[in-house]
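# What the coordinates show
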Amino acid sequence: MIGRIISHYKILEKLGEGGMGMVYKAEDTKLKRTVALKFLTPSISDATARKRFVQEAQAASLLEHPNICSIHEIDEMPDGRIFIVMPCYEGETLRAKIEREPLEVEEAILVAIQVASGLSKAHEKGIIHRDIKPANIFITSDGLAKIVDFGLAKLSGGTKLTRTGTAPGTVTYMSPEQLKGEDVDQRSDIWALGVVLHEMIFGGTPFRGDYEPAMIYSIINEAPKRVRNSCPDIPAAVEYLIDKALSKDPNARYQTSAELIQALQSLIQQPGLKSADADACEAKLPPSIAVLPFTNMSPDPENQYFGDGLTEELINALAQ
């Protein structure tokens, strides 16, 4: 792909790859600007995936907001592969930023305010993102947070693209109702942002499991991790806000992004917020235990389900 000219875009380099597509840096030869091109992954060719990919462009194109990645156009290659043209920002994903070290509390709150502001605009248009996570939040070199990837967005009144018995999104950031396959609204995005805020400050998510079934169980049945027991420098109001955003009952959460923004802005005025030491908190977190998968040592590969079942049973037992 490098060096190839598609329409009037010259491919310069590969920027990344996700579950839905590959992203390349390109030169717009007409307007003489640098852009990003997102192509549908070749291995995903079914009609549902293509429809969801187009929906990403349609959803984002409805939104004009500084905290949402805009869409320049959508086009199709001669072989039928579709691609989206977007601005190419300088910076990094929030995922990369968190992996280096947790954010200072004030910085994390300011990022959350920006993301909530972008979500508020989307929610006004009847669009639910459904996949808010650090990898889908880009922090520009100017410190501006941009929400990207509306590939899983659900437009009000639009066709449901989820296969029967499945739920779109990334399990770690999915709300209980989303995991159960129930209808979701903007409060599911608020839940996901609560998880992201927790991760920005403490370096880890509030619900943990080494395997997807354990994570799902934790999200649906367990309370989020209590952090102030080991992080006394974190203001109680911060933990209260995160707990409210992570209420199992959607009616107990912040009901709108605007309400969440107001709560976040009030935290900025909290005395002693800048003195909270997130790094020290991470070091004080209690140890955890992991259940590793059991290997089938018998000659019969069909016996593997015994090991899988034993792993799940141990996880459930220890979770009690």
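To start, this report covers the structure provided alongside it.

The subject of this paragraph is the pairing of strand β9 (residues 137–140). Burial along β9 is two-sided: Ile-137 and Ile-139 facing one way and Phe-138 and Thr-140 facing the other are all buried. In the sheet, strand β7 (residues 91–93) pairs with β9 via 3 bridges, with the strands oriented antiparallel. Across the sheet, residue Glu-92 finds its bridge partner in β9, namely Ile-139. In this structure, β9 lies alongside strand β10 (residues 145–147), joined through 3 bridges in antiparallel fashion. Looking across to β10, one finds that Ile-137 is bridged to Ile-147.

As a working rule, side chains carrying opposite charge can pair if their charged atoms are close by. Evaluation of the coordinates by the stated rule reveals 9 salt bridges. Across the pair Glu-107 and Lys-97 runs a salt bridge, and its minimum N-O distance is 3.3 Å. Here the residue Glu-107 occupies a position in helix α3 (residues 105–124), and Lys-97 occupies one in helix α2 (residues 94–100), the gap between them amounting to 10 residues. Note on Glu-107: relative accessible area 32%, which makes it partly exposed.

As a further point, take the side chain of Lys-133. Following the sequence through the fold, Lys-133 ends up in the loop between β8 (127–128) and β9. Once residues within four sequence positions are removed from consideration, Lys-133 is found in contact with Thr-170, Tyr-173 and Val-196.

The next thing to look at is the packing of aromatic side chains. Applying the stated criterion across every chain yields a total of 5 aromatic pairs. Between Phe-39 and Phe-83, the ring centres sit 5.2 Å apart and the planes meet at 40 degrees, which makes this aromatic pair tilted. Residue Phe-39 is found in strand β4 (residues 33–40), and its partner Phe-83 is found in strand β6 (residues 82–87); the two are separated by 44 residues along the sequence. The class for Phe-39 is buried, based on a relative accessible area of 0%. Measuring from ring centre to ring centre gives 6.2 Å for Tyr-89 and Phe-138, while their planes differ by 35 degrees; the resulting arrangement is tilted. Remark: Phe-138 occurs in strand β9 and Tyr-89 occurs in the loop between β6 and β7; sequence separation between them is 49 residues. We classify Tyr-89 as partly exposed; its relative accessible area is 24%. Residue class for Phe-138 comes out buried when judged on its relative accessible area of 17%. These aromatic residues form a ring-pair network of at least three members: Tyr-9, Tyr-24, Phe-39 and Phe-83. Over the face of the ring belonging to Tyr-254 we find Lys-244, whose NZ or CZ atom lies 5.2 Å from the ring centre.

So, about the packing of α3 against helix α8 (residues 257–268). Viewed as axis vectors pointing N to C, α3 and α8 meet at an angle of 160 degrees, and their least axial separation amounts to 9 Å. Relative to α8, the element α3 lies roughly antiparallel. Handedness of the crossing formed by α3 with α8: left-handed. Contacts between α3 and α8 involve Glu-106, Ile-109, Leu-110, Ala-112, Ile-113, Ala-116, Ser-117, Leu-119, Ser-120 and His-123 from the former and Ser-257, Ala-258, Leu-260, Ile-261, Leu-264, Gln-265, Leu-267 and Ile-268 from the latter. Of the residues assigned to the contact of α3 with α8, the class counts are 12 nonpolar, 5 polar and 1 charged.

What follows is about unusual backbone geometry. Residues other than glycine seldom take positive phi values, yet Ser-7 does so here, at roughly 55 degrees. Among the residues examined, Ser-7 registers a relative accessible area of 46% and is labelled partly exposed. The backbone of Arg-130 shows a phi angle near 75 degrees, a positive value even though the residue is not glycine. Residue placement: Arg-130 occurs in the loop between β8 and β9.

When you line up the elements, Gly-118 lands in helix α3. The sequence separation of Gly-118 and Ala-145 amounts to 27 residues, and the corresponding C-alpha distance is 9.0 Å. Setting aside residues no more than four positions away along its own chain, Gly-118 makes contact with His-65, Asn-67, Ile-68 and Ile-147.

Basis of the calculations
Residues numbered from 1 in each chain as written. Predicted model: local features only at pLDDT ≥ 70, side-chain atom pairs only at ≥ 80, totals over all residues. Heavy atoms only, no water. Buried < 20%, exposed > 50% of the residue type's maximum accessible area, 1.4 Å probe, protein only. Helix = DSSP H or I, 4+ residues; strand = E, 2+ residues; numbered from the N terminus. Pairing = 2+ DSSP bridges. Salt bridge = Lys/Arg side-chain N within 4 Å of Asp/Glu carboxyl O. Contact = heavy atoms within 4.5 Å. Phe/Tyr/Trp six-rings, centres within 6.5 Å; stacked < 30°, edge-to-face > 60°. Lys NZ or Arg CZ within 6 Å of the ring centre and 35° of its normal. Axes fitted to C-alpha atoms, helices over the stretch in contact; angles between N-to-C directions. Parallel < 35°, antiparallel > 145°, perpendicular 65-115°, else oblique. Left-handed = near helix turned anticlockwise from the far one by under 90°. Nonpolar A, V, L, I, M, F, W, Y, C, P; charged D, E, K, R; others polar.

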